[in-house]
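Coordinate inspection notes
Listed below, chain by chain, are the residues.
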Amino acid sequence: MSDYLGTAPGPIAHRPALPAFARRLPVPSLLRRLASSAFPRRPAAADLPAGDGPAVCAAGGFPSVKVSEVALGRVTFAGLPAVELGTGRIDWRLDPHRSRSWSLNLHALRWMGSLVVEYERSGDRELLDRAAVIAEDWVRANPRGGIGVSPWAWAEHPVALRGPALVCLSAHVRASWLRRSLAEHGAVLADPALYRQGHNHGLDQDIALLTIGRRLGHAPWQELAVRRMTASARLAVDAQGVLHEQAPRYGVYVHRRLGVALETIERCGIEVPPDLVARRRSLESYVGHATQPDGCLVPIGDGPAGVRPAGFPSQPDTVKVFDAGYVFGRTAWDDPGSAYYSIRFGPGRTLHGHEDHLGVTYHARGRDILVEAGFHSYERTPYRRWTISPEAHNVPVVVDAAFREGTATRLVSASTGARRQCFRLTDDAYGVRRTRSVLVNHGADLMAVLDEVPAGSALRSLWHFGPSLAVVSERDGGVVLADGKERVTLVQLSPDSGLPLDGQEVGFQEIATGHLRTARSATVLSPAAASVLTLIVPGSGDPEVTCSGGRVTVRTPGGPVSFPLSLDR
């Protein structure tokens with residue numbers, strides 16, 4: 001994709017050739033549309049200056065597509081099979097895959113914008129002509145508020161993503177229908193009732209409003225976009241760099257889009273707010289710490305497995321506690337064999353978060369050991385609901401108690417030595433106090449987790465293993481899993497006696513391994529008890545575990561590890 005920010009329109013000698021139907025689009029005037037609007041704060045068409053500004057086209061705004069296929073009327077969105085739209089009039093109500101993501105992408109028109117990008121690179125006029133036909137057909141078929149128009153046509157996020165594509169097209173196509181559509185898009189984007197403050201959608205709305213305001217020479221829209229952008233960044237990204245949407249994957253997205261926003265502001269000749277620069281930079285710590293040694297983001301919240309963020313530097317600390325509800329730790333940076341873990345706590349679930357409090361993940365010896373169900377899609381299905389639930393995560397579930405959604409979890413204590421870390425967390429998500437203590441030992445890799453509820457209650461702890469690990473044996477309170485010659489052992493003990501805790505249920509669950517992809521994962525459910533101590537020992541299929549004097553000693557491949565049954569540091 002070429003970087004074509006700041007491309008000025010210049011005089012266009014003639015419009016691209018369009019079919020007859022596209023030259024007779026019945027587009028009502030923006031003035032009449034706004035006069036009848038329920039939102040009096042929108043500017044009327046008469047308020048917009050008649051002159052033009054430059055078409056500032058945001059870099060990174062369009063996906064990578066097969067331009068030759070798009071030119072022939074074939075599109076591929078959201079990892080789903082290709083769909084033939086044809087080269088004539090498009091059915092904009094089409095939803096062949098019954099997919100929210102597919103419909104959003106159809107109406108965002110970024111695929112049309114990709115044709116403009118390729119035209120600028122190659123000079124192939126047919127691509128620009130095709131882009132103009134697609135855009136004009138969309139405008140004709142999707143009047144705002146029109147009967148039978150797809151609900152995705154004027155949904156806030158497609159509007160935000162479509163605006164820059166239309167601006168880029170306007171650098172080469174001078175047409176009244178396009179100018180009117182840009183003005184209407186700007187009015188919608190400026191409407192405070194439709195704005196997603198502090199949300200990644202809001203950032204996309206601001207980028208679109210800024211580029212449209214610049215293109216139409218409307219300074220109030222440009223000023224509003226930058227003002228909102230700055231205020232939203234303060235809400236969305238805290239002082240430690242954590243994005244409040246509760247998914248590291250969205251930290252990557254917002255970091256990238258803030259980069260687009262900053263460059264767009266500069267290209268518009270506006271002073272860049274220093275706070276906006278600082279908030280973007282602070283995201284790098286959050287994303288960096290959320291990246292596993294294999295280069296993939298830990299798939300917490302609505303973040304698919306396998307996402308590899310680029311350009312996020314190593315951080316000075318190997319362990320980082322973020323007040324917004326994350327612990328990330330590793331043996332070392334820039335070492336693919338490093339052990340790595342995450343722990344969740346903090347405010348209740350919001351936006352792209354899951355009900356994963358007290359949940360842990362663990363990566364060691366170059367592979368995923370403990371994983372979560374991950375992110376599959378945004379489709380409103382029972383499977384999607386399950387992936388958000390506590391049962392899809394490595395958490396203690398209280399027996400015969402109802403889960404209370406959105407409950408906050410406190411980090412009670414933290415000890416972060418170089419070779420060993422220990423954390424204690426608690427909440428009342430099931431109406432009784434759950435307490436989880438997590439000890440992680442490095443060098444001699446081991447994770448120990450103590451789960452407790454008060455007397456009279458019982459819990460069962462859930463453990464989901466990486467899809468590459470298959471169960472090879474179950475005995476004496478332990479489960480051994482293998483990936484080729486590599487072994488991992490789970491051992492469960494009674495903290496009261498130090499003896500093995502028998503009665504695990506071993507089963508399998510389909511977890512998400514990417515967008516619309518799943519794989520079978522071995523799942524271990526502990527027997528019901530008031531307290532359960534779980535040991536995860538990478539690299540061993542038969543670790544020697546002994547208890548004496550209130551202490552546990554585990555013989556790991558890296559040497560013996562000893563700690564109190566209570567996990568008190």
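1. Some words on the sheet that holds strand β3 (residues 319-322)
- One open sheet accounts for five strands, arranged β3-β4-β5-β6-β7; its pairing is antiparallel. Looking at strand neighbours, the two that pair on one side only are β3 and β7 (367-370), the edges of this open sheet. Pairwise comparison of adjacent strand axes, ignoring direction, gives a mean angle of 15° for this sheet.
- Judged from the five bridges that link them, strand β4 (residues 326-330) and strand β5 (residues 340-344) form a sheet pairing that is antiparallel. Paired with Gly329 across the strands is Tyr341, a residue of β5.

2. Topic: the pattern of salt bridges
- Considering all chains together, one arrives at 21 salt bridges under this definition.
- Residue Arg234 is joined to Asp275 by a salt bridge in which the shortest nitrogen-to-oxygen separation is 2.6 Å. Within this pair, whereas Arg234 is found in helix α9 (residues 219-236), its partner Asp275 is found in helix α11 (residues 274-289), the two being separated by 41 residues in sequence.
- Here Glu486 makes a salt bridge to Arg367, at a shortest N to O gap of 4.0 Å. With Glu486 in strand β16 (residues 486-493) and Arg367 in strand β7, this residue pair connects regions lying 119 residues apart in the sequence. Each of the two residues, Glu486 as well as Arg367, counts as buried.
- Connected through salt bridges with shared partners, the residues Arg365, Arg367, Asp483 and Glu486 form a single ionic network.

3. Considering the sheet that holds strand β20 (residues 545-548)
- Overall, antiparallel pairing links the three strands, which are arranged β20-β21-β22 in an open sheet. Because the sheet does not close on itself, it has two edges, and the strands there are β20 and β22 (559-564). For this sheet the average axis-to-axis angle between neighbouring strands, irrespective of direction, equals 20°.
- Judged from the six bridges that link them, strand β21 (residues 551-556) and β22 form a sheet pairing that is antiparallel.

4. Things to note about the nonpolar core
- Counting residues in hydrophobic clusters, the biggest one holds 99 residues, and the most contacted among them are Trp111, Met112, Leu169, Tyr286 and Phe328.
- Ranked by residues supplied to this core, first place goes to helix α10 (residues 248-267) with nine residues.
- In contact with Phe328, other than residues within four places in its own chain, are Tyr286, His289, Ala290, Val298, Ile300, Thr318, Val319, Lys320, Phe322, Tyr340, Tyr341 and Ser342.

Scoring rules and cut-offs
Residues numbered from 1 in each chain as written. Predicted model: local features only at pLDDT ≥ 70, side-chain atom pairs only at ≥ 80, totals over all residues. Heavy atoms only, no water. Pairing = 2+ DSSP bridges. Helix = DSSP H or I, 4+ residues; strand = E, 2+ residues; numbered from the N terminus. Axes fitted to C-alpha atoms, helices over the stretch in contact; angles between N-to-C directions. Salt bridge = Lys/Arg side-chain N within 4 Å of Asp/Glu carboxyl O. Buried < 20%, exposed > 50% of the residue type's maximum accessible area, 1.4 Å probe, protein only. Core = buried A, V, L, I, M, F, W, Y, C linked by side-chain atoms within 4.5 Å. Contact = heavy atoms within 4.5 Å.

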